[in-house]
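Spelled out, the chains give:
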Amino acid sequence: QVQLVESGGGLVQAGGSLRLSCAASGSTFGIFAMGWYRQAPGKQRETVASISYIGNTQYADSVKGRFTISRDNAKNIMYLQMNNLRPEDTAVYYCNHFPERAAVSWGQGTQVTVSS
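On a predicted model such as this, the values are computed, not experimentally measured, just so you know.

**Q** How would you explain the overall build of the chain if you had to name every residue and give the values?
**A** Scanning the chain from terminus to terminus reveals zero helices and 10 strands. Starting at the N terminus and ending at the C terminus, the chain contains elements arranged as β-β-β-β-β-β-β-β-β-β. Relative to the compact-globule value of 13 Å for 116 residues, the chain shows a C-alpha radius of gyration of 13 Å, a close match. Considered along the principal axes of its C-alpha atoms, the chain spans approximately 40 × 25 × 20 Å. Split into buried and exposed, the 116 residues of the chain put 41% on the buried side. For the chain, long-range pairs separated by at least 24 residues make up 54% of all intrachain contacts whose partners lie at least 6 apart in sequence. Summing over all exposed atoms, the chain offers an accessible surface of approximately 6,200 Å²; the carbon and sulfur share of this is 48%. Treating the 10 positive side-chain charges of the chain as one cloud and the 7 negative ones as another, the clouds have centres 3 Å apart.

Put into structure tokens, the structure is as follows:
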């Protein structure tokens, strides 16, 4: 069973940067499209970015030009580099298969808090 562990969140001032990591167990990581998702208090979970198994990427309009998704299939790790963070980026960030309907069990997520 695939297990996903997110890390790298924290408290940062507006304009700052963070890099999130997603470590996946299991030998099938490299064949799935993966995504970063986030859920802010009182809001539905939304897709932030996705990356195909060969590295094609897509981003939500709200993060285009600021966030970069990448993956290392040899290490079963996915990253989300977040630059120029805004208070509205505050949320719990999760990684999982993409699209969301293909998701496996959700991890604990990692909290990102951006202060103004």
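Okay, back to it.
**Q** Could you give me a rundown of the pairing of strand β10 (residues 110–115), with the residues and numbers involved?
**A** Burial along β10 is one-sided: the residues T110, V112 and V114 are buried and none of Q111, T113 and S115 is. Bridge count between strand β2 (residues 10–13) and β10: four bridges; the pairing is parallel. Its bridge partner lying in β10, V12 is registered against V114. With three bridges joining them, strand β9 (residues 91–97) and β10 adopt antiparallel strand pairing. Bridge assignment links V92 to a residue of β10, and that residue is Q111.

**Q** Just give me the short version of the state of the cysteines, but keep the residues and values in it.
**A** Note: disulfide means a covalent bond formed between the sulfur atoms of two cysteine side chains. One pass over the structure, following the stated rule, counts one disulfide. Between the sulfur of C22 and that of C95 lies a disulfide, 2.1 Å long from S to S. For the disulfide bridge between C22 and C95, the dihedral angle about the S-S bond is near 70°, and by the sign convention the bridge is right-handed. Pair noted here: C22 is in strand β3 (residues 18–24) and C95 is in strand β9, with a separation of 73 residues, a long-range link. Relative accessible area serves as the criterion here: at 0%, C22 is assigned to the buried category.

**Q** For the nonpolar core, give the residues involved together with the corresponding values.
**A** Residues W36, V48, F67, M78, L80, M82 and Y93 are the most contacted members of the largest nonpolar core, which totals 27 residues. The greatest single-element share of this core, amounting to four residues, is contributed by β3. Among residues more than four places away in sequence, those in contact with M82 are G16, S17, L18, L20, R66, F67, Y93 and V112.

**Q** An account of the sheet that holds strand β7 (residues 67–72) is needed here, citing residue identities and associated values.
**A** Spatially, four strands are ordered β1-β3-β8-β7 in an open sheet, and the strand pairing comes out antiparallel. Here the strands that pair on one side only, and so sit at the sheet edges, are β1 (4–7) and β7. The sheet shows a mean angle of 15° between the axes of neighbouring strands, taken without regard to direction. As defined by bridge partners, β1 adjoins β3 across four bridges and the pair is classed as antiparallel. For E6, the partnering residue across the bridge sits in β3 and is C22.

Cut-offs applied
Residues numbered from 1 in each chain as written. Predicted model: local features only at pLDDT ≥ 70, side-chain atom pairs only at ≥ 80, totals over all residues. Heavy atoms only, no water. Helix = DSSP H or I, 4+ residues; strand = E, 2+ residues; numbered from the N terminus. Rg over C-alpha atoms; globule rule 2.2 N^0.38 Å. Buried < 20%, exposed > 50% of the residue type's maximum accessible area, 1.4 Å probe, protein only. Contact = heavy atoms within 4.5 Å. Areas by Shrake-Rupley, 256 points an atom, 1.4 Å probe, with all protein chains shown as cover. Lys, Arg positive; Asp, Glu negative; His and termini not counted. Charge placed at Lys NZ, Arg CZ, Asp CG, Glu CD. Pairing = 2+ DSSP bridges. Disulfide = S-S within 2.5 Å. Core = buried A, V, L, I, M, F, W, Y, C linked by side-chain atoms within 4.5 Å. Axes fitted to C-alpha atoms, helices over the stretch in contact; angles between N-to-C directions.

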